Amino acid sequence: MSAQAGVLAPTIGLEKVSKRFGTQTVLQEISFSVWPGEIVALLGASGCGKSTLLNIISGLLPADSGTITLQGESIARFSQWRRLGYLFQEDRLLPWRSVRQNVGFALENSTLPRAERRTRIDDALALVGMESVGNKWPHQLSGGMRSRIALARSLVSEPEILLMDEPFSKLDPQTRSAMHAELLRICQLKNMTVVMVTHDVEEAVILADRIVILQPAPGRISQIVDMPLPRPRLPTGRDVAENVRLLRMEV
Ligand SMILES: Nc1ncnc2c1ncn2[C@@H]1O[C@H](COP(=O)(O)OP(=O)(O)OP(=O)(O)O)[C@@H](O)[C@H]1O
Ligand SMILES: [Mg+2]
């Protein structure tokens, strides 16, 4: 999971990306690259433009200026099916669909046979420890369960690029640690590239290869910090604690 500058096109390339809403400049000249298999965390105060940036990377929101490339292709040409998963900040479960149907939503435009879809849904639910609630409705779930279902939905298509907006913030500490381990395992297994937003400095240190720190008003990059600590990184580890301490002074 190391940077491969100069060898390949970056998985995600941002060059001077800016965005305004009305008179407010929300993002100002954001430039960074994410390399294959990297996990990059976006850290920054509320309102500094993190979700806006993920929306722009996903192609849901146009930038006002700057360029965005995904695997060397312009965002308009990048075919998203199977290649990009987006876990939104809010879970966006559809209340009129069962849990299984919500997870399967990401497969609806696929040509996968029905049996394969069923297996994928089973696997995704098992991955997040929710295999017993497949036939329930979203309103019957707790907040933490809902966010795990949303995570399963973002993984079910086995995307090459995964964008995650505060994916673990509603989980209890034990489940969160288990999900961290799962995410790292899947990333390594599938060579998935991840950009994740978090408010949790410790989570960023435990998961990320690099941490992009944003400052608000206008949202801009203040620092990009490499996190080359060996894995597994335990919250109790001395290196982790020291990096958390240093980063808390920057955010
Ligand atoms: N569609 C929109 N129209 C107008 N302003 C918007 C829109 N979306 C976001 N904003 C504004 O842009 C700024 C950045 O919002 P964004 O949601 O990207 O912040 P964030 O860093 O994700 O915050 P949080 O950590 O609270 O989720 C905020 O001031 C917000 O009010
Ligand atoms: Mg946000």
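First, a word on scope: everything that follows refers to the structure included in this document. Predicted, not measured: the structure shown is a model, and the values here were computed from it. (Residues numbered from 1 in each chain as written. Chains lettered and ligands numbered in written order. Predicted model: local features only at pLDDT ≥ 70, side-chain atom pairs only at ≥ 80, totals over all residues. Heavy atoms only, no water.)

Turning our eyes to something else, we now look at the sheet that holds strand β4 (residues 65-70). Judged by pairing direction, the sheet is antiparallel, and its 4 strands sit side by side in the order β2-β1-β4-β5 without closing on themselves. Strands with a single pairing partner mark the edges of an open sheet, and in this sheet they are β2 (24-34) and β5 (73-74). Where strand β1 (residues 12-21) and β4 come together, 5 bridges link them in antiparallel fashion. Directly across from Ile12, in β4, lies its bridge partner Leu70. Of the strands in this sheet, β1, β2 and β4 touch helix α1 (residues 50-58), which is tilted by about 120 degrees from β1. (Pairing = 2+ DSSP bridges. Helix = DSSP H or I, 4+ residues; strand = E, 2+ residues; numbered from the N terminus. Contact = heavy atoms within 4.5 Å. Axes fitted to C-alpha atoms, helices over the stretch in contact; angles between N-to-C directions.)

Pairing between the strands of a sheet is mediated by backbone hydrogen bonds and can be parallel or antiparallel. An order of β6-β7-β8-β3-β9-β10 is seen for the 6 strands of this open sheet, with the pairing classed as mixed. A single partner strand is all that each edge strand has here, and the edge strands are β6 (84-87) and β10 (220-226). Ignoring strand direction, the axes of neighbouring strands in this sheet form an average angle of 15 degrees. Alignment of strand β7 (residues 161-165) against strand β8 (residues 193-197), held across 5 bridges, turns out to be parallel. Residue pairing in the sheet places Leu163 in a bridge with Val195 of β8. Against the sheet, helix α4 (residues 143-155) makes contact with β6 and β7, and its axis sits at roughly 170 degrees relative to β6, the strand it touches most.

Moving on, we come to the packing of aromatic side chains. Inspection of every chain in the model, using the stated rule, returns 1 aromatic pair. Measuring from ring centre to ring centre gives 4.2 Å for Tyr86 and Phe88, while their planes differ by 40 degrees; the resulting arrangement is tilted. The exposure classification of Tyr86 matches that of Phe88, with both residues buried. Here the basic side chain of Arg92 rests over the ring of Phe88, its NZ or CZ set 3.8 Å away from the ring centre. (Phe/Tyr/Trp six-rings, centres within 6.5 Å; stacked < 30°, edge-to-face > 60°. Buried < 20%, exposed > 50% of the residue type's maximum accessible area, 1.4 Å probe, protein only. Lys NZ or Arg CZ within 6 Å of the ring centre and 35° of its normal.)

The local shell around ligand 1 holds 14 residues, among which Ser46, Gly47, Lys50, Thr52 and Gln89 are the closest. Within the side chain of Gln24, a nitrogen or oxygen atom sits 3.0 Å from an oxygen atom of ligand 1. Between Gln89 and ligand 1, the recorded distance is 2.9 Å, taken from a side-chain N or O atom to an oxygen atom. When ligand 1 is considered free in solution it has 630 Å² of accessible area, and contact with the protein chains removes 61% of it. Counting only elements with at least two residues in the shell around ligand 1, the list comes to β2 and α1. (Near = heavy atom within 4 Å. Polar contact = N/O pair within 3.5 Å; in protein donor to acceptor, adjacent residues only side chain to side chain. Areas by Shrake-Rupley, 256 points an atom, 1.4 Å probe, with all protein chains shown as cover.)

We now examine the pairing of β7. Counting buried residues in β7 gives 5 out of 5 residues, a clear majority hidden from the surface. Pairing analysis gives 4 bridges linking β6 to β7, with the strands arranged parallel. Paired with Tyr86 across the strands is Leu163, a residue of β7. For the crossover from β7 across helix α5 (residues 173-190) to β8, the handedness is right-handed. (Right-handed = clockwise from strand over helix to strand, strands pointing away.)

Before going further, it helps to spend a moment on the coordination of the magnesium ion (ligand 2). Surrounding the magnesium ion (ligand 2) are the protein donor atoms Ser51 (OG) and Gln89 (OE1), at 2.0 to 2.3 Å. In this pair, Ser51 sits in helix α1 while Gln89 sits in the loop between β6 and α2 (99-104), placing the two residues 38 residues apart along the sequence. Ser51 sits in the partly exposed class, given a relative accessible area of 23%. According to the relative accessible area criterion, Gln89 is partly exposed, its value standing at 38%. (Donors = N, O, S within 2.8 Å, 3.2 Å for Na, K, Ca; no water.)

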